[in-house]
Amino acid sequence: MSFESSCDETSVAIIEDGHKILSNIVATQINSHKRFGGVVPEVASRHHIEEITICIGDAMKKANVTYDDLTAVAVTYGPGLVGALLIGVTAAKTVAWAHNLPLIPVNHIAGHISAAAFVEPIQYPALALVVSGGHTELVLMPKEGEFKIVGETRDDAAGEAYDKVGRVLGLSYPAGPVVDQMAAKGKDTFNFPRAMEKDDNYDFSFSGLKSAFINTVHHADQINETLDKDDLAASFQSAVVDVLVNKTLKALAEFPVKQLILAGGVAANKGLRDALEKHIKQTKLVKAPLNLCGDNAAMIGAAAYVLNKEHKYAGTDLNADPSLEFDWLDSVEK
């Protein structure tokens, strides 16, 4: 049994052998956060409290299992919203203690990457591009269970930038999927900046792009100029995708790997998926399934399967770690 409650989805799953989903229940909170234009931590925590036991029951029922059938309990303990994480951690510790099961602590980002295991077995060494509302990272996996960051965003994550420009376009939260659809109908006519694209590192920056987008729209408003929203979306997305793809290609040139894994909420973006398919030629591209790109407990169960083999368990003193990070690769400047 695995738990995920790091942000605004409450999820419980039953996973068999690390790659077979017996059940994956996800209670989303999108409608509750729409009116605020983003996730409100206190609201998220209260929803997790309301949903967690319901999700446990639904997951057990759908998988047609009892607690006697379980071999371990896994849970996301970071990174994420501290209040939200605590709900999942507390529930997982309770189930593990009550049924004398080992407790497996899982890094949320490792979970996103492990979603690829539901497509095909991960082959090592591998490189993962993790793109979501809170994270944009290039993660090298020299071997199973080992994660090293080679690059990350220095400010806004890509998904966060999507939501911010979406608000300027008058879109409701979450704006990413709609911006993606609009971009497919528009053209890159605004030539927004590709920050850090040519820098000698693998880091990202989307704050300047966001500001350039907002300034363009506000200036047009001031002079009563009407801009094509589809072209705005296409120009923004092209800037994001170009940087993500080019940084990834640069990393692949330095770190030869067997697979490139695309994971995270923004991994569902069609523009990004198509661009990677077009440009990644020498390395096998493995994309997380569309239904597992967002936060879910199935991916946590897949990551926990590896930890379970190594008996990496936690005690009842396990706590949430909202700032949990992977180690940095020693040879890469942070």
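In what follows, the structure referred to is the one given above.
Residues numbered from 1 in each chain as written. Predicted model: local features only at pLDDT ≥ 70, side-chain atom pairs only at ≥ 80, totals over all residues. Heavy atoms only, no water.

Participant: Please clarify how the sheet that holds strand S9 (residues 259-263) should be interpreted in this entry.
Facilitator: Hydrogen bonds between backbone atoms are what pair the strands of a sheet, whose relative direction is either parallel or antiparallel. Spatially, 6 strands are ordered S10-S9-S6-S7-S8-S11 in an open sheet, and the strand pairing comes out mixed. The sheet is open, and its two borders are formed by strand S10 (284-287) and strand S11 (327-328), each paired with just one other strand. Bridge count between S9 and S10: 4 bridges; the pairing is parallel. Along S10, the bridge assignment pairs Leu260 with Leu285. (Pairing = 2+ DSSP bridges. Helix = DSSP H or I, 4+ residues; strand = E, 2+ residues; numbered from the N terminus.)

Participant: For this particular structure, what's the right way to read the pairing of strand S2 (residues 9-16)?
Facilitator: Regular strands place their side chains on alternate faces of the sheet. Of all 8 residues that make up S2, 7 are buried, and the element is covered over most of its length. In this structure, strand S1 (residues 2-4) lies alongside S2, joined through 3 bridges in antiparallel fashion. Looking across to S2, one finds that Phe3 is bridged to Val12. Bridge analysis of S2 against strand S3 (residues 20-28) gives 8 bridges, and the strand direction is antiparallel. (Buried < 20%, exposed > 50% of the residue type's maximum accessible area, 1.4 Å probe, protein only.)

Participant: Looking at this model, I keep getting lost on the sheet that holds S3. Mind explaining?
Facilitator: With respect to topology, 5 strands assemble into an open sheet ordered S3-S2-S1-S4-S5, the strand pairing being mixed. Edge positions in the sheet fall to S3 and strand S5 (103-107), since each has one partner strand and no second. For this sheet, the mean angle separating the axes of adjacent strands, direction not counted, is 20°. In this fold helix H3 (residues 82-98) packs onto S1, strand S4 (73-78) and S5, with an angle of close to 155° to the strand it touches most, S4. (Axes fitted to C-alpha atoms, helices over the stretch in contact; angles between N-to-C directions. Contact = heavy atoms within 4.5 Å.)

Participant: Help me understand the pairing of strand S6 (residues 126-131), please; the structure alone is not making it clear to me.
Facilitator: Taking burial as the measure, the 6 residues of S6 include 6 buried ones, the bulk of the element. On S6, burial covers both faces: Ala126, Ala128 and Val130 on one face and Leu127, Leu129 and Val131 on the other are all buried. Bridge analysis of S6 against strand S7 (residues 136-141) gives 6 bridges, and the strand direction is antiparallel. Following the sheet pairing, Val130 is matched in S7 by Glu137. Here S6 folds back onto S7 in antiparallel fashion, the turn holding 4 residues. Pairing analysis gives 5 bridges linking S6 to S9, with the strands arranged parallel. Within the sheet, the bridge partner assigned to Leu129 lies in S9 and is Leu262.

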